[in-house]
Amino acid sequence: STQSTWENKSVENSNIKMLRLLVLAAATIACTSFSFDLEASSFKCFTEELPDRYDVQANLEVAPGYSQFVDVRVSDPSGKPVAEQKSIEKTVVHFTTELTGDHNFCFYNRLAPGVRYSTNMKRQVKFELATGQEAVDYSRVARREHLKPVEINLRIMEDTVKQIHTEYHYFKRREAEMRNTNESNNARAMWVTICNVVIFLAFASWQVMHLKKFFITKKLISG
């Protein structure tokens, strides 16, 4: 009985360690992260190509700046805003994509009313973008849903499979679109070539007939 209890504790401890490793791995997956300076009364936009039905989380942190307010706006490929926040300091923007394609993340630095623009006025923005499984905090999921280590392990594996499946279909659609585009371009090139050949033959025929008529007129050859 003592040996059985010890084995159960060992299994539980190993599950907890595995959970920590998986959560750490999920949290440390490479994601887009960089900082940039945003001058007053200006804006900068960044584009990220994303599949549809994809979880996206942007962690934003803005350094202090005198009388400057930074707004962020995210729009989908159709131009429809999917997320927007004003006067951000440190925030998280989370949304799920509805369309496939380029999503724009735009940052605006506006001045407070009555403040005059100066060339040295700017704010530094730290931008960290996590997509798909990277955007999920499994530690929080485990606490919220009271999941056991084995259950959270299964959830991570399930989400991983779903993400791979989503990306597979996304790249499959992209490959089909590129193939259709190439086939369309090849067909257009073929018809342009045919038209060029027809024009060349028509011009050559006209030139031969014109020279023949000229030589007949000059009585160099008989008609």
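What you see as residue numbers is a count from 1 along each chain, following the sequence as written. Given that the model is predicted, a residue must reach a pLDDT of at least 70 before its local features are reported, and side-chain atom pairs must reach 80 or more before they are shown or counted; all residues, however, enter totals for whole chains, interfaces and linings. Hydrogens and waters are ignored; side-chain quantities use all the structure's heavy atoms.

## Thoughts on the nonpolar core
To be explicit about the condition: Nonpolar cores were defined as sets of buried Ala, Val, Leu, Ile, Met, Phe, Trp, Tyr and Cys residues, with membership established by side-chain atoms within 4.5 Å. Classification of residues uses two cut-offs on accessible area relative to the type maximum, computed with a 1.4 Å probe and protein chains only: under 20% is buried, over 50% is exposed, and between them is partly exposed. What counts as a helix is a DSSP run of H or I of at least four residues, what counts as a strand is a run of E of at least two, and both are numbered from the N terminus. Whether two residues are in contact is decided by their heavy atoms, any of which lying within 4.5 Å being enough.
Core analysis: the biggest nonpolar cluster contains 20 residues, and L60, V93, F95, F105, F107 and F127 have the highest contact counts within it. The element contributing the most residues to this core is strand β3 (residues 55-62), with four residues. With near-sequence residues (within four places) excluded, F107 lies in contact with F36, L38, S42, F43, K44, F46, L60, D71, V72, V125 and F127. Among the nonpolar cores identified, the runner-up in size contains five residues, and Y138, A142, I152 and I156 belong to it.

## Section: unusual backbone geometry
In this structure, S67 is a non-glycine residue whose phi angle is positive, near 55°. Tracing the chain through its elements places S67 in the loop between β3 and β4 (68-75). For S87, which is not glycine, the phi torsion reads 50° and is therefore positive. On the secondary structure map, S87 appears in the loop between β5 (81-85) and β6 (90-96). Among the residues examined, S87 registers a relative accessible area of 34% and is labelled partly exposed.

## A short note on the sheet that holds β6
Cut-off, in case you're wondering: The criterion for strand pairing is that DSSP finds at least two bridges linking the strands in question. Convention adopted: a line fitted to C-alpha atoms gives each axis, helices being fitted over their contacting stretch, and angles between N-to-C directions are expressed from 0 to 180 degrees.
Across the sheet, which stays open at both edges, the four strands sit in the order β1-β8-β3-β6 with antiparallel pairing between neighbours. Edge strands, defined here as strands with exactly one partner in the open sheet, are β1 (32-39) and β6. Neighbour-to-neighbour, the strand axes of this sheet turn through a mean angle of 20°, independent of strand direction. Here β1 pairs with strand β8 (residues 122-131) via eight bridges, running antiparallel. Its bridge partner being in β8, D37 is matched across the sheet by Q124.

## Here's the deal with the pattern of salt bridges
As a reminder of what qualifies: The rule for a salt bridge is simple: a side-chain nitrogen of Lys or Arg has to be within 4 Å of a carboxyl oxygen of Asp or Glu.
Scanning the model with the defined rule gives twelve salt bridges in all. If you follow the salt bridges from partner to partner, you end up with D52, R53 and R173 in one network.

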